[in-house]
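Observations on the three-dimensional arrangement
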Amino acid sequence: MSDAPPPFVPGAFVGAAHHYRARVYFEDTDLSGIVYHANYLRYMERARSDMLRLAGIDQRAAMEGGEGAWAVTDLAIKYRAPAKLDDDLLVVSTVEAVRGASVIIAQRILRGQDALSSDTLTEGRVTAAFLSPAGRPRRQPGDWVQRFTAIMNGENFPC
């Protein structure tokens, strides 16, 4: 028997969707015990970052190599029902569109573990643009476009 903890695996691809689990902690809530509105954006950001990491898109290497970085250029969010202290959440992310310098990702936050039987608490749509170190839009690396396209189409891709 090993004393090592299990590997950290918060998210995974399920077909064309990325599933990311999160739990609501006391620090995420307001005085009424429901999740503060801005914290839904944190759950969505973590899910997108996990999705990119699993897809083999190395944001850190791109930044450190002087290629550029992602920036959110558009965001729409709709709150449908509140998440509460200690809720088990599931963030489901899907790639809606891939362009030369940007990607559009739709996200839903659900209470519970099953995307089919859970109610949507929050849904959002994010456009992220790839920017040069000078802050100008630039084409994202070609292999990233291929990976996003494969995710969008529900294809297997190398990770």
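Residues numbered from 1 in each chain as written. Predicted model: local features only at pLDDT ≥ 70, side-chain atom pairs only at ≥ 80, totals over all residues. Heavy atoms only, no water.

As a further point, take the packing of aromatic side chains. The description of an aromatic ring pair uses the distance of the two centres, along with the angle that the planes make with each other. With the rule as written, the count across this model stands at six aromatic pairs. Summarising the aromatic geometry, the rings of tyrosine 40 and tyrosine 43 are spaced 6.4 Å apart at their centres and angled 90° between planes, so their arrangement reads as edge-to-face. Note that tyrosine 40 and tyrosine 43 are positioned in helix H1 (residues 39-54) at a spacing of three residues, about one turn of the helix. Taken as a pair, tyrosine 40 and tyrosine 43 share a single burial class, namely buried. Ring centres of tryptophan 70 and tryptophan 144 lie 5.9 Å apart, and the angle between their planes is 20°; on these two criteria the pair is classed as stacked. One end of the pair, tryptophan 70, is in strand S3 (residues 69-79); the other, tryptophan 144, is in helix H3 (residues 142-152), and 74 residues separate them in sequence. Both residues of the pair, tryptophan 70 and tryptophan 144, belong to the buried class. In this structure an aromatic cluster arises from ring pairing among Trp70, Phe130, Trp144 and Phe148. (Phe/Tyr/Trp six-rings, centres within 6.5 Å; stacked < 30°, edge-to-face > 60°. Helix = DSSP H or I, 4+ residues; strand = E, 2+ residues; numbered from the N terminus. Buried < 20%, exposed > 50% of the residue type's maximum accessible area, 1.4 Å probe, protein only.)

Judged by pairing direction, the sheet is antiparallel, and its six strands sit side by side in the order S1-S2-S4-S5-S6-S3 without closing on themselves. A strand with exactly one partner marks an edge of an open sheet, and here the two such strands are strand S1 (11-14) and S3. Across this sheet, the average inter-strand angle for adjacent strands is 25°, counted without regard to direction. Pairing of S3 with strand S6 (residues 120-131) involves ten bridges; the strand directions are antiparallel. (Pairing = 2+ DSSP bridges. Axes fitted to C-alpha atoms, helices over the stretch in contact; angles between N-to-C directions.)

A few words now on H3. Those residues of H3 lying buried are Trp144, Arg147, Phe148, Ala150 and Ile151. End-on view of H3: buried residues confined to an arc of 160°, all on one side of the axis. Positioned one or two residues after H3, glycine 154 has a phi angle of 70°, which is positive. (Arc of directions from axis to C-beta.)

Below, the discussion takes up the environment of tryptophan 70. Owing to a relative accessible area of 17%, tryptophan 70 belongs among the buried residues under this scheme. Distance in space between the C-alpha atoms of tryptophan 70 and glutamine 59 is 7.8 Å, their sequence separation being eleven residues. Once residues lying within four places of it in the same chain are set aside, the contact partners of tryptophan 70 are Leu52, Gln59, Ala101, Ser102, Val103, Ala128, Ala129, Phe130, Gln140, Trp144 and Phe148. (Contact = heavy atoms within 4.5 Å.)

Before going further, it helps to examine the environment of glutamate 64. Along the polypeptide, glutamate 64 turns up in helix H2 (residues 59-64). Through-space distance from the C-alpha of glutamate 64 to that of proline 133 is 10.0 Å; in sequence the pair is 69 residues apart.

Our focus in this paragraph is the side chain of serine 93. Among the secondary structure elements, serine 93 is positioned in strand S4 (residues 88-98). Here serine 93 falls in the buried class, since its relative accessible area comes to 0%. A distance of 2.9 Å separates the side chain of serine 93 from the side chain of glutamine 107, its partner in a polar contact. Excluding its chain neighbours within four sequence positions, the residues that come into contact with serine 93 are Ala16, Ala17, His18, Ala47, Met51, Ile105, Ala106 and Gln107. (Polar contact = N/O pair within 3.5 Å; in protein donor to acceptor, adjacent residues only side chain to side chain.)

Consecutive side chains along a regular strand alternate between the two faces of the sheet. Burial analysis of S6 places nine of its twelve residues in the buried class, the great majority of the element. Taken together, the nine bridges between strand S5 (residues 102-111) and S6 define a ladder with antiparallel strand orientation. Bridge pairing in S6 places isoleucine 109 opposite threonine 122.

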